[in-house]
Every structure is written in structure tokens, then in C-alpha cells.
Amino acid sequence: MKQELTERERKLFIQMPAVRAVLTLSVPTIISQVIAVIYNLADTYYVGRTGDPRMVAAITVCMPLMLLMAGMAGLFGIGGASLIARCLGVNDFAKARKVSAFSVWGGVTVIILYSLVLIIFREPVLRLLGAMDDMIDYAASYMFWVCVIGGVFMLLNPLLANLVRSEGAAREASIGVSMGGLLNMALDPLFMFVILPKGLEVTGAAVATLLSNVAASAYFVIYIIRRRKVSVLSLNPRDVAFTGRIPLDVITIGLPSFIMTMMGSVSSAVANNLMSPLGSAAISGMGIAKRTNMLSFRVSTGITQGTLPLIAFNHSAQNYKRMKSAITGAASIAVGFATLCMIVSLIFGHVFVRFFIDDADTIRYGSRFIRLVCSAMPLASISMTAMMLFQAAEKKVEAMFMSIMRKGILDIPLMVLFNHLWPLYGVAASTPIVEGLSAVVAVILAIVFFKKLFRSSGNASPDRESEQPSVPS
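Now for a look at the structure at hand. (Residues numbered from 1 in each chain as written. Predicted model: local features only at pLDDT ≥ 70, side-chain atom pairs only at ≥ 80, totals over all residues. Heavy atoms only, no water.)

Moving on to the packing of helix α14 (residues 377-392) against helix α16 (residues 426-456). It is at 8 Å that the axes of α14 and α16 come closest, and there the two elements cross at 35°. Regarding α14 and α16, the two cross each other, and that crossing is left-handed. Residue-level inspection shows Leu379, Ala380, Ile382, Ser383, Ala386, Leu389 and Phe390 of α14 in contact with α16, the latter providing Pro432, Glu435, Gly436, Ser438, Ala439, Ala442, Val443, Leu445, Ala446, Phe449 and Phe450. When the residues that make up the contact of α14 with α16 are grouped by side-chain class, the tally is 14 nonpolar, three polar and one charged. (Axes fitted to C-alpha atoms, helices over the stretch in contact; angles between N-to-C directions. Helix = DSSP H or I, 4+ residues; strand = E, 2+ residues; numbered from the N terminus. Left-handed = near helix turned anticlockwise from the far one by under 90°. Contact = heavy atoms within 4.5 Å. Nonpolar A, V, L, I, M, F, W, Y, C, P; charged D, E, K, R; others polar.)

Written as C-alpha cells, this is what we have:
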């Protein structure tokens, strides 16, 4: 069993300059997130080659279900990664091992229950998400293969990646996620246009996604088993522990990510329902706009997920100066890239939509949606970075407030209001307003947090690994 930090962990978390450590941890994660965006777009691209808006709309309808699964992975993956990194910061390797096992098996249990609910209440769920008669069979097939049969594997892929990153192994985590994405892109056309007959393109895309997640999950399982002697990560159910506040800490730390993702899922469902009277073209146009916006979101996600162990480790070790340098560097990179994405989207929005589907109505709706939604990209990256800071520092109230405010208190009410004031385009126009308000609150909370932190510590910022406190209970 692991007894001390590895040389890589010591170098990344303690010795390397903060901004360089942020880049070392974030760049591989960003690459894997970008590949994840590409393979998500690949489904839409290949389905769009059919020229059938109903098929594109069916995948859009299923997006909230997949977002909810991503939220479950974040609940146990981000919560577990934060607590593991803080345990490493005080050399409590035994507890870190128990946290790892609880995160894996807790997530698997929840996703199995979720998949059972979907298979039992399939049609009511899809109707609630905005599926209409002309697309519901396509949506049901996609949901069955991706969320029911492939539910466990879709959860394990990002969950295990987060746990692997908690030990500073960002490159290895990136390899697993990227491998799954690249495999999905290769399998999409094979199953959609070669193996399965015409008319089953949506099913083909779903089966390709399932198999790619199986492969990525297998990679992470093999990686963890091979490194069990020098790692705190465990897949052994006998290591699951319910003592030492482990379940409570994992869930409460990961809960803000889950709530934000869950409310994002609800938000997508509300948007689909608000647009459903306008038909499949409007729904598919919004789906393409959201997928285009996904690149900026995923890069911000890569930066925050990659940096989280560094922030958590140094917060636990009371190296507040290094922690602040890391969060400042992460925020600068995230906002800078998001701004670039916004500019590109403003200029080439119509080109993106036409790339996915050559349908006049979908292009008209989608290009306008993109221009409205993309202005929120830099603002969203600010909120995401601040929430990562609060999760890493175990500031549960601030993290929870940020997630509920952004995707609950503001998002859905403003979407309904703007849709009433500006039918059709108001749904997209509400997005930058929501993100702008959230970003202002995020900056204020972060400033208050650091002022209190340095005041309470007497401006002390130890740069050594000795004299570390015990793990917060």
C-alpha cells in the first residue's frame, strides 16, 4: 500500500511553479475534453448526413439524459477527486483509498438505478423532454443503447478519469478519455452506414458511443489495477467505507457539479419544450448551437478539472499563496480561450450549422442561436473556475449557491420570461444574461473568500510539505 507521495506528485503539487503546474495538469485534460467535443459533434454530423431533422432532433432530445449522467459522474468523480487530493496533502493515504472505492461503487449503484428508471418509464421521460411523435422512436433507440445498456460505462469513463487526475496523472487520464472519443468517431460511420441498414443511423451512432465508453472504462480499470502498489486508487468493494464522513464529504463536495449539470439537463428539456411548437428544425438548430458552444465549455471544464487536485492539495497543506497563483492562472487561460471561441462563433456561426446539416430552416434557426449563445462563453468560464475553487477548498455553501443560482434561480425563469418577450429567440438570448449575472457573483464570492483566507492565516503561505494539518473532518 502507498506510504508516501511519488516524485511526480511532489513535483506537481509542491515544487513546480504554480502556472506551469496548472498547464501541466490542464493541457492533457483540455485535449481529452476537445476530443470529447469532437466525438459528440461527430454523432450530430453523421446523423445530419441523412438530411433528416427528426434524427438530429432525437439526439438533441436525449442530451438532457446524457447531461444528467455526466452530473452523476461529477458527483462522485469530482467529489472523490477533491477529497483524495486533500488527503494526499496531509499524507492520509489510507483514507484516500477508502474515498476512491466509495466514489466508484457509489457511482455504479446510482447509475444502475437511473438506467432502470429510464427503461421502465421510457416514453413518459422522452415526452417530458420534448420528443414528438415523428422522432420518439429514434430518441428511444438512442436512449436505450447509450443510457440504459451503456449507462455504467458512460459513468465510469469520466468518473475514473477524475480519480486518476487526483494523483496528478492528467496525461494518463487524457489518454483514456481521448481513446474513447477517437474510437467513437471511427465506429460512427461504420455502424451507421455499413453494418446497420438504412433508417437505423441513430441506433448506429448510439452503439458506437456505447462501445467507445466500454473501451475507455476498460483502459482505466487496467491502469488502476496495474498501479495499485503505488496508488491510493482502489476498485475493491471491500475498501468502501462509510466512516470518517467519507460519503458525506464526497457527495457534498460533488453535489454542486451534479446540481449544475442536472439543472442544465432540466434547462435543455425546458428549451426543447418551448421550441417544440416550431417543429424539429428549431429543436435541431438549438441542439447544434449548444454543441458548438460545447467546445468553450469543455475547455473550461478541462482547465477546472485538471487544476482541482492542485488547488485541493495546496489548500489542505495551507500553501495559500501557491493556491491563489494557480487559480489566477487557471482563470486567465479559461477566459482567454472562451473569448477566442466567442469571436470565431460570431464570425462563422452559419458555417458551423451548414456543416452539420444542409436544411434551410435548421441553418436559419441555428446560425442565429449560435450568435446569441456564444457571447456567454467567457462569462461561463469565470463561473466554472470559481465553483472549482470552492469545491477544491471544501467551501460547500459557496459552491452549492453558485450551482443553484446559475442553473436554477436564473436560467429557467429567465428563459421562460425572454421566450414570452421575444418568442423563439428569447430562449437563446437569456443565456448571456444568466452567465453575466453568475460571473459577477462568482468574482465577488472569490474575492471575499481570499480575503477571509489570508486574514485568518495571518497572510502565512508556507511553501513546504512539512507541518501539514490533519484532513478536515
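Past the structure itself, the notes keep going.
A few words on the pattern of salt bridges. A complete count under the given rule lists nine salt bridges for this structure. When the shortest N-O distance is used, the salt bridge between Arg127 and Glu123 registers 3.6 Å. One end of the pair, Arg127, and the other, Glu123, are both in helix α5 (residues 122-128), four residues apart, so they sit about a helical turn from each other. Shared partners join several salt bridges into a network, and the residues in it are Arg86, Arg245, Asp249, Glu394 and Lys396. (Salt bridge = Lys/Arg side-chain N within 4 Å of Asp/Glu carboxyl O.)

Another point: the nonpolar core. Core analysis: the biggest nonpolar cluster contains 144 residues, and Leu65, Leu126, Tyr142 and Phe369 have the highest contact counts within it. For this core, the element with the most residues is helix α3 (residues 53-89), which contributes 22 residues. (Core = buried A, V, L, I, M, F, W, Y, C linked by side-chain atoms within 4.5 Å. Buried < 20%, exposed > 50% of the residue type's maximum accessible area, 1.4 Å probe, protein only.)

The next thing to look at is the side chain of Ser217. As for its position among the elements, Ser217 is in helix α9 (residues 201-226). A polar side-chain atom of Ser217 sits 2.9 Å from the main-chain carbonyl oxygen of Asn213. If sequence neighbours within four positions are ignored, Ser217 has contacts with Phe153, Leu156, Asn157 and Leu160. (Polar contact = N/O pair within 3.5 Å; in protein donor to acceptor, adjacent residues only side chain to side chain.)

Before going further, it helps to examine the state of the cysteines. Per the counting criterion, the structure on display carries zero disulfides. The closest cysteine sulfur to the non-disulfide-bonded Cys62 is located on Cys147, 6.3 Å from its own sulfur. Judged by relative accessible area, Cys147 falls into the buried class, the value being 0%. (Disulfide = S-S within 2.5 Å.)

We now examine a nonpolar patch on the surface. Together, Ile112, Leu113, Leu116, Val117, Ile119, Ile120 and Phe121 make up a nonpolar patch on the protein surface, roughly 650 Å² of accessible area in all. Along the chain, Ile119 falls in helix α4 (residues 93-120). Given the relative accessible area of 35%, Ile119 is considered partly exposed. (Patch = residues over 30% accessible without salt bridge, like charges linked within 9 Å, V, L, I, M, F, W, Y side chains within 5 Å. Areas by Shrake-Rupley, 256 points an atom, 1.4 Å probe, with all protein chains shown as cover.)

We now examine unusual backbone geometry. In this structure, Asn91 takes a positive phi of about 60° despite not being glycine. Its place among the elements puts Asn91 in the loop between α3 and α4. Overall, the relative accessible area of 38% leaves Asn91 in the partly exposed class. Within the chain, Gln318 stands out as a residue other than glycine whose phi angle is a positive 65°. Residue placement: Gln318 occurs in the loop between α11 (280-316) and α12 (320-356).

What follows covers helix α2 (residues 18-48). For α2, built from 31 residues, the straight-helix expectation of 45 Å at 1.5 Å per residue is met to within 8% by its first-to-last C-alpha distance of 44 Å. The sharpest bend along α2 comes to roughly 30°, located at Ser26, with the proline Pro28 sitting one to four residues further on. (Expected span 1.5 Å × (residues − 1). Bend = angle between axes of the 7 residues up to and from the residue.)

Summarising the element assignment, Ser82 is placed in helix α3. With a relative accessible area of 0%, Ser82 lands in the buried category. Polar side-chain contacts of Ser82 include one of 3.1 Å to the backbone oxygen of Gln391.

Before going further, it helps to examine a positive patch on the surface. Together, Lys395, Lys451, Lys452 and Arg455 make up a region of like positive charge exposed at the surface. Mapped onto the secondary structure, Arg455 falls in helix α16. With relative accessibility at 61%, the residue Arg455 sits in the exposed group. (Lys, Arg positive; Asp, Glu negative; His and termini not counted. Charge placed at Lys NZ, Arg CZ, Asp CG, Glu CD.)

This paragraph deals with the packing of aromatic side chains. If you walk through the whole model with that rule in mind, you get ten aromatic pairs. Between the aromatic rings of Phe13 and Phe313, the centroid separation amounts to 4.8 Å while the plane-to-plane angle is 20°, which identifies the pairing as stacked. One end of the pair, Phe13, is in helix α1 (residues 7-15); the other, Phe313, is in helix α11, and 300 residues separate them in sequence. Among the residues examined, Phe313 registers a relative accessible area of 1% and is labelled buried. Pairing Phe390 with Phe449 gives two aromatic rings, centres 6.0 Å apart and planes at 85°, and the pair type is edge-to-face. Linking Phe390 in helix α14 with Phe449 in helix α16, this pair joins segments that are 59 residues apart in sequence. Phe449 carries the same exposure label as Phe390, and that label is buried. The rings of Phe390, Phe449, Phe450 and Phe454 are connected pair by pair, giving a single aromatic cluster. Across from the ring centre of Phe450, 5.8 Å away, lies the NZ or CZ of Lys324, which sits over that ring. (Phe/Tyr/Trp six-rings, centres within 6.5 Å; stacked < 30°, edge-to-face > 60°. Lys NZ or Arg CZ within 6 Å of the ring centre and 35° of its normal.)

Turning our attention to α12. Between its first and last C-alpha atoms α12 spans 46 Å; for 37 residues at 1.5 Å apiece the expected length is 54 Å, and the helix comes up short by more than 12%. Bending of α12 peaks at approximately 75° at the position of Phe348.

For the pair helix α8 (residues 170-195) and α9, the least separation of the axes is 7 Å and the interaxial angle reads 155°. With respect to α9, the axis of α8 lies roughly antiparallel. Crossing of α8 over α9 shows right-handed handedness. When its residues are assigned to classes, the contact of α8 with α9 shows 18 nonpolar, six polar and three charged. (Parallel < 35°, antiparallel > 145°, perpendicular 65-115°, else oblique.)

Here Gly329 shows up in helix α12. Taking the C-alpha atoms as reference, Gly329 lies 33 Å from Arg368; in sequence the two are 39 residues apart.

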